[in-house]
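# Summary of structural features
Chain by chain, the residues run as shown.
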Amino acid sequence: MSKPIETVAVCGAGGTMGAGIAIVCARAGFRTICHDVADESLDRALRQTGNFFAKSVERGKMQAADKNAVMGRLSRTTALADLADADLVIEAVFEDLGVKRALFGRLDKVCPAHTMFASNTSTLSITEIAAGSGREDRVVGLHFCLPAQLMRLIEVSPGINTSDATLRTAWAWCEKAGQLPVRTQDKPGFILNALLIPFLNDCIRAVEAGVAAPADIDTAIKGGLGYRMGPLELIDLIGLDTQVRLCEAFYPITLDPRAAAPPLLRRMVAAGLLGRKSGRGFFTYDAGKMFGA
Amino acid sequence: MRYSISQRGESSSFPPGDAFLAGASAGGEVAIHLGTPIKIDATKAAILVELGTECLGVHTGEKAGEEGSNVLGFARYRNGRDAPSQLIELVRQPHTRPEAIAAAKVVFEAAGLVVVVCSDQAGRIIDRLVRPKYNAALRFLDEGLATAKDMDLTCRLGLGYPDGPIERVERGGLAYHHDVTAALFAVTGAAAYAPARRAVVARQRDGKE
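Rules used throughout
- Residues numbered from 1 in each chain as written.
- Chains lettered and ligands numbered in written order.
- Predicted model: local features only at pLDDT ≥ 70, side-chain atom pairs only at ≥ 80, totals over all residues.
- Heavy atoms only, no water.
- Buried < 20%, exposed > 50% of the residue type's maximum accessible area, 1.4 Å probe, protein only.
- Helix = DSSP H or I, 4+ residues; strand = E, 2+ residues; numbered from the N terminus.
- Pairing = 2+ DSSP bridges.
- Right-handed = clockwise from strand over helix to strand, strands pointing away.
- Domains from an automatic or database assignment.
- Axes fitted to C-alpha atoms, helices over the stretch in contact; angles between N-to-C directions.
- Parallel < 35°, antiparallel > 145°, perpendicular 65-115°, else oblique.
- Contact = heavy atoms within 4.5 Å.
- Nonpolar A, V, L, I, M, F, W, Y, C, P; charged D, E, K, R; others polar.
- Buried area = accessible area lost by both parts, 1.4 Å probe.
- Salt bridge = Lys/Arg side-chain N within 4 Å of Asp/Glu carboxyl O.
- Polar contact = N/O pair within 3.5 Å; in protein donor to acceptor, adjacent residues only side chain to side chain.
- Phe/Tyr/Trp six-rings, centres within 6.5 Å; stacked < 30°, edge-to-face > 60°.

## Some points on the pairing of strand S1 (residues 7–11) of chain A
All names here are of chain A.
- Extensive coverage of S1 is indicated by the burial of five of its five residues.
- Burial along S1 is two-sided: the residues Thr 7, Ala 9 and Cys 11 and Val 8 and Val 10 are all buried.
- Relative to strand S2 (residues 31–35), S1 runs parallel, the two being bridged by five bridges. Its bridge partner lying in S2, Thr 7 is registered against Arg 31.
- One crossover worth recording links S1 to the parallel S2 by way of helix H1 (residues 16–27), and it is right-handed.
- In this sheet, strand S4 (residues 88–91) lies alongside S1 in parallel orientation, the contact comprising four bridges. For Val 8, the partnering residue across the bridge sits in S4 and is Leu 88.

## Notes on the domain arrangement of chain A
- Each assigned domain of chain A is listed here: domain 1 (7–183) and domain 2 (193–278).
- Here the C-alpha centroids of domain 1 of chain A and domain 2 of chain A sit 29 Å apart.

## Considering the packing of helix H9 (residues 231–238) of chain A against helix H10 (residues 240–254) of chain A
Residue and element names in this part refer to chain A.
- Axis separation between H9 and H10 bottoms out at 6 Å; the angle between their running directions is 90 degrees. Here H9 lies roughly perpendicular to H10, going by the angle between them. Contacts from Ile 235, Asp 236 and Ile 238 of H9 reach H10 at Leu 240, Thr 242 and Gln 243.
- Residue composition of the contact of H9 with H10, grouped by class: three nonpolar, two polar and one charged.

## Here's the deal with the interface of chain A and chain B
- Contact residues are listed per partner, giving 37 residues for chain A and 39 residues for chain B.
- The contact between chain A and chain B buries some 3200 Å² in all, and 70% of this surface belongs to carbon and sulfur atoms.
- Of all residues in chain A, the largest losses of buried area upon contact with chain B belong to Leu 195, Val 211 and Leu 225 of chain A, amounting jointly to 20% of the total for that side.
- Remark: the boundary between chain A and chain B carries zero salt bridges.
- Where chain A meets chain B, there are 10 residue pairs in polar contact (both at pLDDT 80 or more).
- Of all the secondary structure elements, the ones that give two or more residues to the side of chain A that touches chain B are strand S7 (153–158), strand S8 (180–183), helix H7 (192–208) and helix H8 (214–225) of chain A.
- At nine residues, the largest contribution of residues to the side of chain A that touches chain B is made by H7 of chain A.
- Looking at side-chain class alone, the side of chain A that touches chain B contains 22 nonpolar, seven polar and eight charged residues.

## Here's the deal with the domain arrangement of chain B
All names here are of chain B.
- Each assigned domain of chain B is listed with its residue range as follows: domain 1 (3–119) and domain 2 (127–204).
- On a C-alpha basis, the centres of domain 1 and domain 2 stand 27 Å from each other.
- Listed per partner, the contact involves seven residues of domain 1 and 11 residues of domain 2.
- Together, the buried faces of domain 1 and domain 2 total about 770 Å²; carbon and sulfur atoms form 40% of this surface.
- The largest contributions to the domain 1 side of the interface with domain 2 come from Tyr 77, Asn 79 and Arg 81, which together make up 55% of the buried area.

## Section: the packing of aromatic side chains
All names here are of chain B.
- All chains considered together, the criterion is met by 11 aromatic pairs over all chains.
- Ring geometry for Phe 74 versus Phe 108: centroids 5.1 Å apart, planes at 50 degrees, classification tilted. Of this pair, Phe 74 sits in strand S4 (residues 71–76) while Phe 108 sits in helix H3 (residues 98–110), and the two are 34 residues apart along the sequence.
- Using a relative accessible area of 0% as the deciding quantity, one classes Phe 108 as buried.

See below:
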């Protein structure tokens, strides 16, 4: 992989995570191609990106000229064929093995041999995503944290067939992009979600078991451990339906009972209590205020 | 509200020199037991017994879910060797008198402590929830998922925690973690609480360092 990375394509750039990754790339000086299947998603994401940089200028974190330069490095497309110039493609599409594998398979026919593929998956296996891509040695996991434009950490995970050169290139790219890479094995949830998802489930089970009220559990965790946000407030923010989906991705692979969706979580989702987005989860949200449920 | 303290040995919640100890006065409406056997006294607003890893029921006895009086358990959360936090876990039983809970809150909150109420279950709130996570992190370390430094860094940067699981459990003491998880495992039988290998090693080596 001798050609330096100059152009990065982000697939799923119309989503929250993809848009954040595109910001990281463009801000670091890479020509960045934002790809999504829906034009409207790209419209919204690029509008939000413009707002993000405008706020950076407003707060004195960025010069207006730099903002224009960064925005100038961003281009958009809904056609995969336009990714033919990319040296690195980072996918942040729907968290589904079939979707990701199909994307890499199609990209293999579009991109030149030197192009490296990276997956932003949070729960799936890099080895499995890479399988059948036609370039298993040039596929690597780059898991950004949400919101990507603000969080520096990237979990870097090589699959079984990832070459040492690919891993080195990915690592160096993370550093050049101003991010902080940490290396993990290709195991479910890597570090972050392997620790977080079961912990959040344990908190839900504690509510269900009558250990304490949600507000007391959150106060205990914040007061005793110094966490900025209580776990149940965090689940409300993530979305209870999303937590179910994460469990469903995680549990069948690990068979860890702690990773299984707790019955209370499923009942709450069935009742329409999805967290902040529905106005009620473990807490009730009203005009930005939070009350214990 | 005045409180009296009856103490034997060192308290985990209130180490020597803690201002809370100095605030006690004989004959207070709330009686606090730090390592001493409780004396039932219905005239007290509350009787508070400091807990270790045991349940409150060990001190009061249990009656098929009908237990509860003016006796509450409590522990000021601390991570083993770390200094105590400002958090008090107040342990109630199904029929604990609400006035007793209120009195206990008044006493602790007047001392600047934050109080949460939980039922009489193993590990109370924090140990019940975080010890499996520390066990998992220790196992991941053994299995080579990532280095201790990277796991800690990931939790600090990715989740905004003040410290990572490995540095925290080591700072608190792996042997201490062993004892807490062993007590939880004895009650729950859940594999998540079975002491991690590194904790077992630390307990077995205890005193040899």
